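The residues making up each chain are set out below.
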Amino acid sequence: MIPACPLAAVSTGMHADFATVLIFILFGVFFGLLALGIARLLRPHNPHPEKLVTYECGELPQGSAWVRFNVRFYLIALFFIVFDVEVIFLYPWAVVFRQLAAAPGLGLLALLEMLLFLAILVVGLAYVWAKGDLDWVKSLTARPAGEEVAGE
Amino acid sequence: MEQVTALFARIAGAGTLSPQLLLWLGALTMALIMALVMAACAIVFTWAERKVAGFIQSRYGPMRVGRWHGIAQPIADMLKILQKEDIIPADADRKFFILAPFVLFIGSLMAWAAIPFAPGFVAADLDMGLLYIFAASSLVTIGILMSGWASNNKWSLYGAARGAAQIVSYEIPLALAVVPVVLYAGSLNMTDIVVAQQGGIWKWFALRNPFLFVSFLIYFLASIAEVNRTPFDLPETESELVAGYHTEYSGMRFAFFFLAEYANLFLVSCIATAVFLGGWGHPVPGLNFAPALVFLAKAVLLVLAQIWIRWTLPRLRVDQLMHVCWKVMIPLALVCLAGSGVWMLAFVRFA
């Protein structure tokens, strides 16, 4: 049976829950537009070239702000991707661990496997730590001679 | 949600409304309630923040509007902000400038959908609720980066870049700190997690074992960083970056940043209440008539603790901020996770 409207197929269970999420998104858009609409009716609107200048301590802005990011931010983003994916892998294990712990022998196996997984994660953390990539302020002089200076 | 749909069915008379229509109506009502909760957060907590700040600094804070201790000050502020001119800088990227407050607000509102305030009173009882909440609230990062980049303002850009680095960094200890709870609860469903903590204060996950208590502290500190509050307020440091990523925003668009900020403050406290502090559970006999009030009271206490911290501690430097996250919190969270697993196998007997 194919329902006429896909949304009409939603009745209960998981689909209903995600339909609620959809309603929340739509309601958020509506709420935002409503508030901005009310403000539009009440507020003054007197544009002036001076007003529309970007704020820079009262001076005229020097150049654009659309410049390159410092490479540290990319490093942080990279670490984040790695660690966040690892954390995502931890969640399914955590959900079933309770059941496994109830079965004789399986609990220890599950725990050891996850400790191994965590150990690999910790090795990665120790590596970036030792390389000094977790230091926000990298001093150029403190590095051992000959090591290349990345991204500064 | 079920209670709301049941109420609609009773009002309209049994059988007159189709189950689908009831569902949509119920979801819409829950969305309205949650948006009102968010607005109430902004109203109550801006006032509380200013009063607490005042008392900590030996002054009164707002005293004039509304006769009693400036109680109507947030309402007056809201009316004033509605009348403020909306300025979009000529050099800004208009599309993203307009979109950013929506992304922030909707990200926050979406996360509210999965918070169980009372038995059965949850808009979307998702099986992966905890993961969903973290996913939805991470939209904040995108909103912040979008607003900072679109403003074409140096202060905004610095604030946004810092904000993005800080929030993604602190998301890792935050997500790691709740894994031990999932170990005990055996579920990601928020209602299941709260139900697993019923039956006395020692059932609360923060008090189940020492590792979980440390996890709770890690979660609490990381959540302060997630919502950009002192001592972790580097993205919007008023003394160095003017206002950070929302420098160029004015009027109602600025109000959405403020709304999302205070709503997120309350949101992380609600998550802490549900995940670590037993949700609506309490040790007082005869208080079972209002589970939602118990839940809200715990969350408000956590917010007050965050306000207290904000007005007591100075701001961290950005290198200290990263140091605390990557070199203290993440290793500690991993130790707590491993420790909780060992503790469970060693001391907890499962039926």
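Further up the page is the structure itself.
Criteria and cut-off values
Residues numbered from 1 in each chain as written. Chains lettered and ligands numbered in written order. Predicted model: local features only at pLDDT ≥ 70, side-chain atom pairs only at ≥ 80, totals over all residues. Heavy atoms only, no water. Phe/Tyr/Trp six-rings, centres within 6.5 Å; stacked < 30°, edge-to-face > 60°. Helix = DSSP H or I, 4+ residues; strand = E, 2+ residues; numbered from the N terminus. Buried < 20%, exposed > 50% of the residue type's maximum accessible area, 1.4 Å probe, protein only. Expected span 1.5 Å × (residues − 1). Contact = heavy atoms within 4.5 Å. Polar contact = N/O pair within 3.5 Å; in protein donor to acceptor, adjacent residues only side chain to side chain. Bend = angle between axes of the 7 residues up to and from the residue. Core = buried A, V, L, I, M, F, W, Y, C linked by side-chain atoms within 4.5 Å. Domains from an automatic or database assignment. Buried area = accessible area lost by both parts, 1.4 Å probe. Salt bridge = Lys/Arg side-chain N within 4 Å of Asp/Glu carboxyl O. 1 Å grid on protein atoms, 1.4 Å probe; cavity = no way out; pocket = protein on both sides within 12 Å on 5 of 7 lines; lining within 4 Å. Points joined across faces, edges and corners; volume = space filled by probe spheres on them. Nonpolar A, V, L, I, M, F, W, Y, C, P; charged D, E, K, R; others polar.

Engineer: Would you explain the packing of aromatic side chains in this entry?
Structural biologist: The geometry of two aromatic rings is summed up by the distance between their centres and the angle between their planes. Taken as a whole and assessed by the stated rule, the structure comprises 25 aromatic pairs over all chains. With 5.5 Å between their ring centres and 75 degrees between their planes, Phe 83 of chain A and Trp 326 of chain B make a pair best called edge-to-face. With Phe 83 of chain A in helix H2 (residues 71-102) and Trp 326 of chain B in helix H13 (residues 318-347), this residue pair bridges two chains. Accessibility assignment for this pair places Phe 83 of chain A and Trp 326 of chain B in one class, buried. Pairing Phe 216 of chain B with Phe 276 of chain B gives two aromatic rings, centres 5.4 Å apart and planes at 55 degrees, and the pair type is tilted. Within this pair, whereas Phe 216 of chain B is found in helix H9 (residues 210-226), its partner Phe 276 of chain B is found in the loop between helix H11 (251-275) and helix H12 (291-310), the two being separated by 60 residues in sequence. Residue classification places Phe 216 of chain B among the buried residues on the basis of a relative accessible area of 10%.

Engineer: Looking at this structure, how should I read H9 of chain B?
Structural biologist: Residues spaced three or four apart along an α-helix face the same direction, because each turn holds 3.6 residues. Residue and element names in this part refer to chain B. Taking 1.5 Å as the rise per residue, H9 with 17 residues should run 24 Å; its terminal C-alpha atoms sit 24 Å apart, in good agreement. Residues of H9 that are buried: Leu 212, Ser 215, Phe 216, Ile 218, Tyr 219, Phe 220, Ala 222, Ser 223, Ile 224, Ala 225 and Glu 226. Elements that come into contact with the buried residues of H9 comprise helix H7 (154-185), H11, H12 and H13. Structurally, the start of H9 carries an N-cap: the backbone nitrogen of Phe 211 is 2.8 Å from a side-chain oxygen of Asn 209. Where H9 terminates, the next one or two residues include Asn 228, which has phi positive at roughly 55 degrees.

Engineer: Which parts of the structure should I look at to understand H13 of chain B?
Structural biologist: Over its 30 residues, H13 of chain B extends 41 Å from the first C-alpha to the last, a length consistent with the 44 Å expected when each residue adds 1.5 Å. Maximum bend of H13 of chain B: about 30 degrees, positioned at Met 329 of chain B, with proline Pro 331 of chain B one to four residues after it.

Engineer: Looking at this structure, how should I read the nonpolar core?
Structural biologist: General note: in soluble globular proteins, nonpolar side chains tend to be found buried as a group. In terms of nonpolar packing, the biggest core is built from 131 residues, with Tyr 91 and Trp 93 of chain A together with Trp 112, Leu 130 and Trp 326 of chain B touching the most fellow members. For this core, the leading source of residues is H7 of chain B, giving 16 residues. Residues lining this core come from more than one domain, with at least three contributed by each of domain 1 (1-67) and domain 2 (71-131) of chain A. When near neighbours in sequence (up to four residues on either side) are disregarded, Trp 93 of chain A contacts Ala 110, Leu 111 and Met 114 of chain A together with Leu 183 and Leu 337 of chain B. In this structure, Val 140, Ile 144, Met 146 and Ala 150 of chain B belong to the second largest nonpolar core, which totals 16 residues.

Engineer: Looking at this structure, how should I read the interface of chain B and chain A?
Structural biologist: Taken residue by residue, the interface counts 87 residues in chain B and 73 residues in chain A. Together, the buried faces of chain B and chain A total about 7200 Å²; carbon and sulfur atoms form 78% of this surface. Ranking the residues of chain B by area buried against chain A places Trp 24, Trp 326 and Lys 327 of chain B at the top, with a combined share of 10%. Our enumeration of links across chain B and chain A arrives at two salt bridges.

Engineer: Just checking my understanding: could you explain unusual backbone geometry for this structure?
Structural biologist: Both trends apply: most residues other than glycine have a negative phi, and most peptide bonds are in trans. All names here are of chain B. Of note, the phi angle at His 69 is positive, near 50 degrees, even though the residue is not glycine. In this structure, His 69 sits in the loop between helix H2 (19-56) and helix H3 (73-82). Not every positive phi belongs to a glycine, and Asn 228 is a case in point at roughly 55 degrees. When you line up the elements, Asn 228 lands in the loop between H9 and helix H10 (238-241). For Asn 228, a relative accessible area of 4% puts it in the buried group.

Engineer: Explanation requested: empty space enclosed by the protein in the structure shown.
Structural biologist: One simple way to see leftover space: roll a probe sized like a water molecule over the atoms. Per the counting criterion, the structure on display carries two cavities of 30 Å³ or more. In this structure, the largest cavity is lined by 19 residues; those nearest its centre are Ser 137, Val 140, Glu 226, Val 227 and Asn 264 of chain B. Broken down by secondary-structure element, the contributors of at least two residues to the lining of the largest cavity are helix H5 (129-137), helix H6 (139-150), H7 and H11 of chain B. Counting residues per element, the lining of the largest cavity draws most heavily on H11 of chain B, which supplies seven residues. Its residues placed into classes, the lining of the largest cavity shows 13 nonpolar, three polar and three charged. For the second largest cavity, the calculated volume is near 30 Å³. Forming the boundary of the second largest cavity are Arg 72, Leu 75, Ile 76, Phe 79, Asp 133, Asp 135 and Trp 136 of chain A. A per-class count over the lining of the second largest cavity returns four nonpolar, no polar and three charged.

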